[in-house]
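Structural characterization, general
Here is what each chain is made of, one letter per residue.
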Amino acid sequence: MSEEVRAEPTEEQQENTVSDIAATEVVSSNVVESTEPETSAKADTSGEDATATSQPQESTPDEDSQKPEAAAEEVKVSDPSVTDEATTERSEFPDTARAEAAATAATDVTKEETEVTEAKDATATVKFQLLPSKQVVTIASPINLTVQQLSVQLAEEIKVSTDVLQFSHDGKPLSETTTLKELDVQPNGTIRLEVTSSNPEQVPLKSSPTREQPGTSDVITVRLIKESNDYDDVVVEIERYTRKKPFLGGFRHKFTGVEYHHASAQTASKITIPTKVEKFTRDCQTVFEKNKTSQTTNTTSTQMTKIGCYVSTQHDKVIIAGKYTTYQEYFERQLKAVIVLQSYFRRWQARNVVYELKFDRDRRLKWEQDEEIKKRREKETRIKKEFERRMNPKTKEDFDLLYAALEKWRLEELGHINEELDGPERKAALCALLEQETQLIASIGRHKLEATKDSKEKTIVRFLDKAASPKRWKAYDGRYTEMDTQFTIRAKEMRDIYNSINMKYLTQDERLDVLLTLKHTVKEHDCKLTREIIELIDREADLLMRGVSETNLDGLRKRISTLFLQYCKNPLFNPEAARLLKVPQDPSTLRKDIYFCPSANQYLPSTEFKITANSRAVGKCRKVQELDNAARTRQDFSHYRIMLRNLRRTEESYGDNSKIAYLIQEKDLQYLVENVWAAQSILSAWDDLYDLVLVRWDKDEEWSPWNCILLTKDEAMSHARLDHLHEAYGQVFIHKIKNKHTLARIYFSRIPGMSEQLRKKTTGSQRLPGPGKVVGTNPLNAF
């Protein structure tokens, strides 16, 4: 059929709907048969049957005269007595009686053949209910099929063997030779059969996955009767589509109140293939109006002089024909005019191009001037900041800068002495140089003591703030949640008390209140430390009552502050301090990742050692290396530290889980910059380390010493925009880069193993990105 029947009811409603549709189709076929013209087929003298048709036919006078007789004969058939009389009357006409008998016999034979063909071609809808899942599988099949043949169709449908299928109808088992016709199934009817499995545990019955989908279709058989009394059985699929049908309006019955909705189209809309032909343009949709004046025709006449009429020639004009212009002359004149127009247009166009070039040049010059001013200001700011660091050193980097400047000055002075002096004068100059160097080192030491004192106070305040900070975590919406626990509240109270006892310019009453609060706090625990603190508190309170000046109490107050700080760092009194102490409280953890420093003669954790890329042993700790650098080499790694910080920040912005950039140290970066890249940009040979950066050579791969390039900041920005390196750089330049990558890979051959070891610890990955071999179980011993 050209249309699909779609429905969305439940399973029971679906079955009832299918049965109702089948019954409706059967009834409709009967109605079609009954509504055809009642001109029944009668046998003529030749013995042929006449076929009834529903199309109107023109009746002849003879046929009209025969219609009453035929109707009378049909009426007489219903009465036996009348039939006998008619038979007696026909017996008087032997020829007519024999012809009618032959026609009746032929009609009976035709009816029997039709019934046999109908019974052979009739189909029915069989619903197989799979037990115990109660799933229904619908198949349209002829009514003369046996149960064994139905089992073959069902087995192919649900993908099981026919040996495990057992059929029953209304609770009664069926044999394999039973047909649908024997179960009183009418043509185009519906029957439900129960199917069970002989081995439900091993071979459970269930429909195929395609039938479990929402769009699974059901099957019914509809008989269509043609005009020639022939019929066709058509299998109709009812598709249960899950799409919500659109509401297209309807009406409501006034008396019953039942609502009837308009049906929507069940076939998919035609897909239109887009073409390149433009069908909607502004020209055909916009009306352009134009006003134009016109003059109507005016009848004129010409008067000539003739007999009886004189026309004056005073105002007449003599018109002389001009020079005739040929086509070649007209074309040349037109060409000259076009050339003039083109020259002016091209002049205007060239002037615009020149103006744009001038504008771009001015903008470029202004940008270069701004960039130069910006770089100059940055350099001035950097020099000023470096000068401030030298005058007031506070951090370890500041003192490394001072020691590097001192070493640079010493080498310069030593060079002048060796070049200009000789003999005793040289020895005297060397002694003076050594004395100056000693004085400068002593001055740097005094600055270091002051810086250590300030940093110690900041370290104590930072420790107490970390212990008193609440627990903090990030929620799914990006906001942070904070929570105070009993331990953080305790740490916050201790921090406030410590800040109070270190405050200056307090009155006597305020100081006594602070001491009383401190005494009540430490009295909660009885130990040697708390007893000593209480004793000092009582001593200060007694001295305050005696009127002792505050300058004489500074030493006592400092002892109280130091002892209370020890009290705050003890995990027994402040549990939050346990996670901030360097020395763990559990002795068993001391055996893990603890290494011996031969220079300091101490056992220290692994975090106190700097492991370079080519290290084969733990070596010296950080403090020994710093002391050795200040005493002998005096190298300043601030340039490389800044470069390494920028490199890690850049790798973090890529977000591709880069690891190698976080493994190398300042010394490794120094070797890479100075020995591999010669401490200058490979493009412009710029040698200012503050302007140089290490970026990826191939931005799609992880940064590594064999996938990097040393450029200035501006060159690095331009390099990051490149998509095809082989098109931007020449073959000689690329070959030069590859050689430097090979040198870096040889020197940093152990880095891939370090990266893989770190990746295993963080993600559990077993991928090996490059050369290198991991040996040992400890990450420090492995390298």
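Procedures and definitions
Residues numbered from 1 in each chain as written. Predicted model: local features only at pLDDT ≥ 70, side-chain atom pairs only at ≥ 80, totals over all residues. Heavy atoms only, no water. Axes fitted to C-alpha atoms, helices over the stretch in contact; angles between N-to-C directions. Helix = DSSP H or I, 4+ residues; strand = E, 2+ residues; numbered from the N terminus. Parallel < 35°, antiparallel > 145°, perpendicular 65-115°, else oblique. Contact = heavy atoms within 4.5 Å. Nonpolar A, V, L, I, M, F, W, Y, C, P; charged D, E, K, R; others polar. Left-handed = near helix turned anticlockwise from the far one by under 90°. Pairing = 2+ DSSP bridges. Phe/Tyr/Trp six-rings, centres within 6.5 Å; stacked < 30°, edge-to-face > 60°. Buried < 20%, exposed > 50% of the residue type's maximum accessible area, 1.4 Å probe, protein only. Lys NZ or Arg CZ within 6 Å of the ring centre and 35° of its normal. Salt bridge = Lys/Arg side-chain N within 4 Å of Asp/Glu carboxyl O.

1. Considerations on the packing of helix 7 (residues 327-391) against helix 8 (residues 396-420)
For the pair helix 7 and helix 8, the least separation of the axes is 9 Å and the interaxial angle reads 90°. In terms of orientation, helix 7 lies roughly perpendicular with respect to helix 8. Together, Glu386, Arg389 and Arg390 of helix 7 and Glu397, Asp398, Leu401, Leu402 and Ala405 of helix 8 make up the contact between the two elements. Considering only residue class, the contact of helix 7 with helix 8 consists of 3 nonpolar, no polar and 5 charged.

2. Observations concerning the packing of helix 12 (residues 528-546) against helix 13 (residues 554-569)
Running from N to C, helix 12 and helix 13 cross one another at 155°; their axes reach a closest spacing of 10 Å. Regarding the angle of helix 12 to helix 13, the classification is roughly antiparallel. The way helix 12 lies across helix 13 gives a crossing that is left-handed. For the pair helix 12 and helix 13, the contacting residues are Leu529, Thr530, Glu532, Ile533, Leu536, Ile537, Arg539, Glu540, Leu543 and Leu544 in the first and Leu556, Arg557, Arg559, Ile560, Leu563, Phe564, Gln566 and Tyr567 in the second. Looking at side-chain class alone, the contact of helix 12 with helix 13 contains 11 nonpolar, 2 polar and 5 charged residues.

3. Overview of the sheet that holds strand 6 (residues 190-197)
Taken together, the 5 strands give an open sheet; going across it, the order is 3-2-6-4-5, and neighbouring strands pair in mixed fashion. Strands with a single pairing partner mark the edges of an open sheet, and in this sheet they are strand 3 (135-142) and strand 5 (172-173). As paired elements, strand 2 (residues 123-130) and strand 6 share 6 bridges and run parallel to each other. Bridge pairing in strand 6 places Thr125 opposite Thr190.

4. Quick look at the packing of aromatic side chains
All told, the structure shown has 13 aromatic pairs when counted by the stated rule. Ring geometry for Phe564 versus Tyr567: centroids 5.8 Å apart, planes at 15°, classification stacked. Residue Phe564 and its partner Tyr567 are both found in helix 13; the two are separated by 3 residues, about one turn of the helix. For the pair Phe564 and Tyr567, one class covers both residues: buried. Ring centres of Phe596 and Tyr603 lie 4.9 Å apart, and the angle between their planes is 50°; this geometry places the pair in the tilted category. Chaining the aromatic ring pairs together yields one cluster made of Phe564, Tyr567 and Phe573. For the cation-ring pair, Arg472 lies above Tyr480, with the distance from its terminal atom to the ring centre recorded as 3.8 Å. Over the face of the ring belonging to Tyr654 we find Arg696, whose NZ or CZ atom lies 3.9 Å from the ring centre.

5. Thoughts on the pattern of salt bridges
Scanning the model with the defined rule gives 35 salt bridges in all. Put simply, Arg696 and Glu651 hold a salt bridge, and the shortest N to O gap is 2.7 Å. Taken together, the positions of Arg696 in strand 15 (residues 692-696) and Glu651 in helix 15 (residues 638-654) put the pair 45 residues apart, joining distant regions of the chain. Of the two residues, Arg696 and Glu651, both sit in the buried class. In this structure, the salt-bridge partner of Asp656 is Arg696, at a minimum N-O distance of 2.7 Å. One end of the pair, Asp656, is in the loop between helix 15 and helix 16 (666-676); the other, Arg696, is in strand 15, with 40 residues separating them in the sequence. You can call Arg696 buried: its relative accessible area is 4%. Linked by salt bridges that have partners in common, Glu407, Arg410, Glu437 and Arg634 make up one network.

Take it as geometry only, folks, not as evidence of what the structure does.
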